Amino acid sequence: MSGVSASVLTMMRGLNSLGKRGVVTDYAGEELYPGDLINYAARQGNRVRVTDAIVQKVTTRLEGGRLRPMLKVQPTGTESGFTKRRSLRAEWISAEHVRLVMADVADEPTR
């Protein structure tokens, strides 16, 4: 099948020949966008705490032959545990164990 006839066939079926861009979601299937408030597990020494953060950037990364959804987040300081976080620096996390709390809480999404 030639390239022209293949592209016509994909257009007739309603498919894009460049592929369809997926949406990064939390574990319950809710879509994640910059400016959303999320909840995720963060390590603190040998312990794990639950923390809230604002999503700054949503992307994917190819690791070990698999496409992995990644989020750049800014922690809000609201978290479980009795020991406070040392810094509120932005960090990259996997979207694997993330849950959307509230959509679009940031006034203007940061990029």
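See the structure above.
Residues numbered from 1 in each chain as written. Predicted model: local features only at pLDDT ≥ 70, side-chain atom pairs only at ≥ 80, totals over all residues. Heavy atoms only, no water.

K.L.:
Just checking my understanding: could you explain the nonpolar core for this structure?
P.N.:
The tendency in soluble globular proteins is for nonpolar side chains to be buried side by side. Leu32, Ile38, Tyr40, Leu71, Val73, Ile93 and Val98 are the most contacted members of the largest nonpolar core, which totals 14 residues. Going through the elements one at a time, β1 (37-44), β2 (47-63) and β3 (66-79) are the ones with two or more residues in this core. Once you skip the residues sitting within four places of it in the chain, Ile93 turns out to touch Ile38, Tyr40, Pro69, Met70, Leu71, Val73 and Val98. (Core = buried A, V, L, I, M, F, W, Y, C linked by side-chain atoms within 4.5 Å. Buried < 20%, exposed > 50% of the residue type's maximum accessible area, 1.4 Å probe, protein only. Helix = DSSP H or I, 4+ residues; strand = E, 2+ residues; numbered from the N terminus. Contact = heavy atoms within 4.5 Å.)

K.L.:
Mind showing me how you'd approach the sheet that holds β3 here?
P.N.:
Backbone hydrogen bonds hold the strands of a sheet together, and the pairing may be parallel or antiparallel. Taken in spatial order, the 5 strands make up an open sheet running β4-β3-β2-β1-β5, and their pairing is antiparallel. Each edge of the open sheet is held by one strand with a lone partner, namely β4 (91-94) and β5 (99-102). Across the sheet, the axes of successive neighbouring strands diverge by a mean angle of 55 degrees, strand direction being ignored. For β1 and β2, the ladder comprises 8 bridges, and the chain directions are antiparallel. Residue pairing across strands places Arg43 opposite Val48, the latter belonging to β2. (Pairing = 2+ DSSP bridges. Axes fitted to C-alpha atoms, helices over the stretch in contact; angles between N-to-C directions.)

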